[in-house]
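Here is what each chain is made of, one letter per residue.
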Amino acid sequence: MKALITGGAGYIGSHTLIALSDAGYDFVVYDNLCNSSKESLARVSKIINRDIDFVEGDIRDKKRLQELFTTYKIDAVIHFAGLKAVGESVEQPIRYYDNNVNGTLVLLDIMQEFKCKKIVFSSSATVYGDPVSTPIEESFRVGGTTNPYGTSKYMIERILEDLVISDSSFQAVILRYFNPVGAHESGTIGEDPNGIPNNLMPFISQVAVGKREYLSVFGGDYDTKDGTGVRDYIHVVDLADAHVKALNYINSKQFNTKNLTFNIGMGVGYSVLDMVKAFERVSKREVPYKIVQRRAGDIAKCFANSLLAKEVLGWSALKTIEDMCIDSWRWQSNNPNGYSDK
Ligand code: NAD
Ligand code: UDP
């Protein structure tokens, strides 16, 4: 069984390649490298001890995709390729809708042309907007998104749901990730954000390694245990495993269109200060912080009920927040400048 991994050179994609290889799946990576480099693939190749089939290209490039589907017999697609910076999406909505939504439409069109009818899609907890309560269940209302990035994920979910209704042989699994963090235990691959990180864990890591002076904690007056925002952090290696379980499910007799969408989180909420303290414990470094204004668009609490993924996919998170911090720290301290340190 050969899977096409769009966006496979990126953070989550590169970790998923290892999980797929361990599970015996064959794959080809397709990526335009707009937010990644071939170095991640070179390092994955070392970890899994074999060459990786890679085609450089854009998911909006119909011709290139046709060539790829002609060269390789693709049985299923894991679709990571997309732009993901929330703030940037507010400034450049057309670029985000074109890349994410239009890119997915082109990909789906080619899949139909080549009769490839299995897809696992990277969605996000952001589709829930500000939830009425926590933990969040898959049946909660979606679409109350607050930025074009989130709306692009919501639109793609709707497109996939409509496709499954229109063609009973088309199989889709939508994984709604909560907050992916951490890195592979080798310390050779990890998250490599451009410029100043927007996300909490890369920012904490860069403070600990001395690249930044202090962490700005966005808001200390939320209705949470210590006033700081609460999120459901999920180790990227656990998340990678969820994709293997999703492919297994799609290939099994258990696949049922009633269960297309799954929350992928630990099911536990940790505050910003919980993460700072855990990171200090494992790195034995101080992480100075200042509580500042809330960040526009942030919500107080977001964590998953992930029981459906456990029941149907047989997946649950195994790694702790200490594991997330140890692995992020190993990656950051071995590669202070990310992949450019090679
Ligand atoms: P990433 O930026 O590291 O990886 C995405 C990859 O897609 C990159 O390698 C990039 O070069 C590639 N890409 C982007 N547009 C492309 C295009 N038009 N054609 C071909 N390749 C293209 O991001 P990630 O953190 O690994 O995220 C993977 C997916 O998961 C994304 O769809 C993202 O929206 C989603 N997601 C991420 C998070 C998170 O916090 N990291 C949370 C929820 C959902
Ligand atoms: N956060 C913070 N300082 C930062 C980055 C993030 O205090 O420099 C907080 C943010 O307000 C939220 C949590 O950390 O409560 C997780 O934010 P992140 O951007 O990583 O993920 P989000 O859940 O917002 O997508």
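See the structure printed just above.
Residues numbered from 1 in each chain as written. Chains lettered and ligands numbered in written order. Predicted model: local features only at pLDDT ≥ 70, side-chain atom pairs only at ≥ 80, totals over all residues. Heavy atoms only, no water.

(A) Local environment of the side chain of Asn147. Tracing the backbone shows Asn147 in the loop between strand E5 (118–124) and helix H6 (148–166). Among the polar contacts made by the side chain of Asn147, one reaches the main-chain amide nitrogen of Gly150 at a distance of 2.8 Å. The contact partners of Asn147, leaving out residues within four places of it in the chain, are Val86, Ser89, Val90 and Thr126. (Helix = DSSP H or I, 4+ residues; strand = E, 2+ residues; numbered from the N terminus. Polar contact = N/O pair within 3.5 Å; in protein donor to acceptor, adjacent residues only side chain to side chain. Contact = heavy atoms within 4.5 Å.)

(B) Focus on the nonpolar core. Of all hydrophobic cores here, the largest spans 73 residues; its most connected members are Phe69 and Leu175. Per-element tally for this core: the top contributor is helix H8 (residues 236–250), with 9 residues. Apart from residues lying up to four places away in sequence, Leu175 is in contact with Val120, Phe121, Ser122, Ser123, Ser124, Ala242, His243, Ala246, Phe262, Ile264 and Leu313. The next biggest cluster of nonpolar side chains, apart from the first, holds 21 residues, and it includes Met201, Val207, Phe279 and Ile321. (Core = buried A, V, L, I, M, F, W, Y, C linked by side-chain atoms within 4.5 Å. Buried < 20%, exposed > 50% of the residue type's maximum accessible area, 1.4 Å probe, protein only.)

(C) Fine view of the sheet that holds strand E3 (residues 53–56). Strand order in the open sheet formed by 7 strands is E3-E2-E1-E4-E5-E6-E11, and the pairing between neighbours is parallel. Both edges of this open sheet fall to E3 and strand E11 (261–264), since each of them pairs with a single strand only. The sheet shows a mean angle of 20 degrees between the axes of neighbouring strands, taken without regard to direction. As paired strands, strand E2 (residues 26–31) and E3 are joined by 4 bridges and run parallel to one another. For Val28, the partnering residue across the bridge sits in E3 and is Asp53. (Pairing = 2+ DSSP bridges. Axes fitted to C-alpha atoms, helices over the stretch in contact; angles between N-to-C directions.)

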